Amino acid sequence: MEIRTLAVGPLQVNCYIIFDDLSREAVVIDPGDEAERIIGLLKDLDLSVRHIVCTHGHFDHVGAVAELREATEAALAVHREEVATFFSSAEMAGFWGFEIGPLPEPERLLSEGDTIQAGNISLQVIHTPGHSPGGLCLLGDGVLVSGDTLFAGSVGRTDFPGGAQDRLIESFRRLMAFPEETRVLPGHGPETTIGRERRENLFSGLL
């Protein structure tokens with residue numbers, strides 16, 4: 001499993017390209033902005049995108065979805081509890097002074113335990129609500145893509161519509177049960193590990 005990271009847009013969202021080096025099949029996670037840059041890297045790496053996955057529907061994580069889907073014809077996937085947030089992202093963007101275009105209908109509505117497949121890569125869907133109702137993480141080969149559920153040293157905010165602190169705390173505790181060597185690739189900021197977050201995260205006192 002190979003991973004490339006692009007920090008995109010004014011909010012510097014981490015867009016992850018995860019691919020199978022043998023088949024060149026890929027999953028693109030959270031294409032929040034700069035579609036041309038993402039598409040250019042996919043072409044440079046000679047990748048065929050099987051899935052576009054949004055860890056949640058906030059505008060900074062979905063802004064390049066439409067252009068990327070049109071360019072790749074990949075299947076768009078969001079959690080089934082995130083559809084309303086996904087389609088309200090343009091309104092949210094406007095509130096923050098940004099603009100995104102219309103979003104396409106997802107081909108897959110994900111649930112806990114579903115898998116995203118690309119070549120020999122299999123990513124398991126983990127429903128981690130709190131930052132948003134249908135927030136999700138993806139786990140595969142010792143790597144956890146955590147979206148805005150878990151950051152290095154902190155967690156996602158819960159004051160947006162659909163946010164819930166009690167659910168986020170529950171999700172945080174669940175993630176902390178994974179092996180400490182698990183790599184964590186968050187929605188913003190540097191990567192970390194579960195072990196480091198158990199020791200250093202501001203919310204670790206809740207364990």
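Residues numbered from 1 in each chain as written. Predicted model: local features only at pLDDT ≥ 70, side-chain atom pairs only at ≥ 80, totals over all residues. Heavy atoms only, no water.

A.B. asks: Residues and numbers for the packing of aromatic side chains, please.
C.D. replies: Applying the stated criterion across every chain yields a total of three aromatic pairs. Relative to Phe87, the ring of Phe86 has its centre 5.0 Å away and its plane inclined at 80°; by these criteria the two rings are edge-to-face. Its relative accessible area of 0% is what places Phe86 among the buried residues. Residue class for Phe87 comes out partly exposed when judged on its relative accessible area of 35%. (Phe/Tyr/Trp six-rings, centres within 6.5 Å; stacked < 30°, edge-to-face > 60°. Buried < 20%, exposed > 50% of the residue type's maximum accessible area, 1.4 Å probe, protein only.)

A.B. asks: Give me the nonpolar core: which residues, what numbers.
C.D. replies: Among the nonpolar cores identified, the biggest contains 31 residues, and Ile17, Val28, Ile38 and Leu42 are the most heavily contacted of them. Excluding anything up to four places from it in sequence, Ile17 contacts Glu2, Ile3, Arg4, Ala26, Val27, Val28, Ile38, Leu41, Leu42 and Leu47. With 18 residues, the next largest nonpolar core counts Ile3, Val27, Ala77 and Val143 among its residues. (Core = buried A, V, L, I, M, F, W, Y, C linked by side-chain atoms within 4.5 Å. Contact = heavy atoms within 4.5 Å.)

A.B. asks: Tell me about the environment of Ala90, and name the residues and values.
C.D. replies: Inspection of the secondary structure puts Ala90 in helix H5 (residues 89-95). Accessibility expressed as a relative area gives 38% for Ala90, which makes it partly exposed. It is 9.5 Å that separates the C-alpha atoms of Ala90 and Val62, two residues lying 28 residues apart in sequence. (Helix = DSSP H or I, 4+ residues; strand = E, 2+ residues; numbered from the N terminus.)

A.B. asks: Any details on the pairing of strand E2 (residues 13-19)? Residues and values, ideally.
C.D. replies: With respect to burial, E2 is a largely interior element, seven of its seven residues being buried. Where strand E1 (residues 2-8) lies against E2, seven bridges are found, and the strand directions are antiparallel. Along E2, the bridge assignment pairs Ile3 with Ile18. The turn joining E1 and E2, which pair antiparallel and follow one another in sequence, is formed by four residues; a positive phi near 75° is taken by Gly9. Judged from the four bridges that link them, E2 and strand E3 (residues 25-29) form a sheet pairing that is antiparallel. Across the sheet, Ile17 pairs through a bridge with Val28, a residue of E3. Counting the residues in the hairpin turn of E2 and E3 gives five residues, including Arg24, whose phi is positive at 65°. (Pairing = 2+ DSSP bridges.)

A.B. asks: Give a detailed account of the pattern of salt bridges, specifying residues and quantitative values.
C.D. replies: All told, the structure shown has eight salt bridges when counted by the stated rule. When the shortest N-O distance is used, the salt bridge between Glu25 and Arg50 registers 3.0 Å. Linking Glu25 in strand E3 with Arg50 in strand E4 (residues 48-53), this pair joins segments that are 25 residues apart in sequence. Note that Arg69 is salt-bridged to Glu107, the shortest N-O span being 2.2 Å. Here the residue Arg69 occupies a position in helix H3 (residues 65-72), and Glu107 occupies one in the loop between H5 and strand E6 (108-110), the gap between them amounting to 38 residues. By relative accessible area, Glu107 is classed as partly exposed at 41%. (Salt bridge = Lys/Arg side-chain N within 4 Å of Asp/Glu carboxyl O.)

A.B. asks: Break down the side chain of Thr128 for me, with residues and values.
C.D. replies: Structurally, the position occupied by Thr128 is in the loop between strand E8 (121-127) and strand E9 (136-140). Overall, the relative accessible area of 0% leaves Thr128 in the buried class. One polar contact links Thr128 to Thr149, side chain to side chain, over a distance of 3.0 Å. Other than its neighbours up to four places away in sequence, Thr128 contacts Gly135, Leu136, Cys137, Thr149, Ser171 and Leu175. (Polar contact = N/O pair within 3.5 Å; in protein donor to acceptor, adjacent residues only side chain to side chain.)

A.B. asks: Any details on the environment of Leu109? Residues and values, ideally.
C.D. replies: With respect to the helices and strands, Leu109 occurs in strand E6. Sequence spacing of Leu109 and Val78 is 31 residues, and the spatial spacing of their C-alpha atoms is 5.4 Å. If we ignore the near neighbours within four places in the chain, the residues touching Leu109 are Val78, Arg80, Val83 and Asp114.

A.B. asks: Break down the sheet that holds E6 for me, citing the residues and quoting the values.
C.D. replies: Taken in spatial order, the six strands make up an open sheet running E1-E2-E3-E4-E5-E6, and their pairing is mixed. Every other strand in the sheet has two partners, leaving E1 and E6 as the edge strands with one partner each. The mean angle between the axes of side-by-side strands here comes to 25°, regardless of whether they run parallel or antiparallel. As paired strands, strand E5 (residues 75-79) and E6 are joined by three bridges and run parallel to one another. (Axes fitted to C-alpha atoms, helices over the stretch in contact; angles between N-to-C directions.)

Take it as geometry only, folks, not as evidence of what the structure does.
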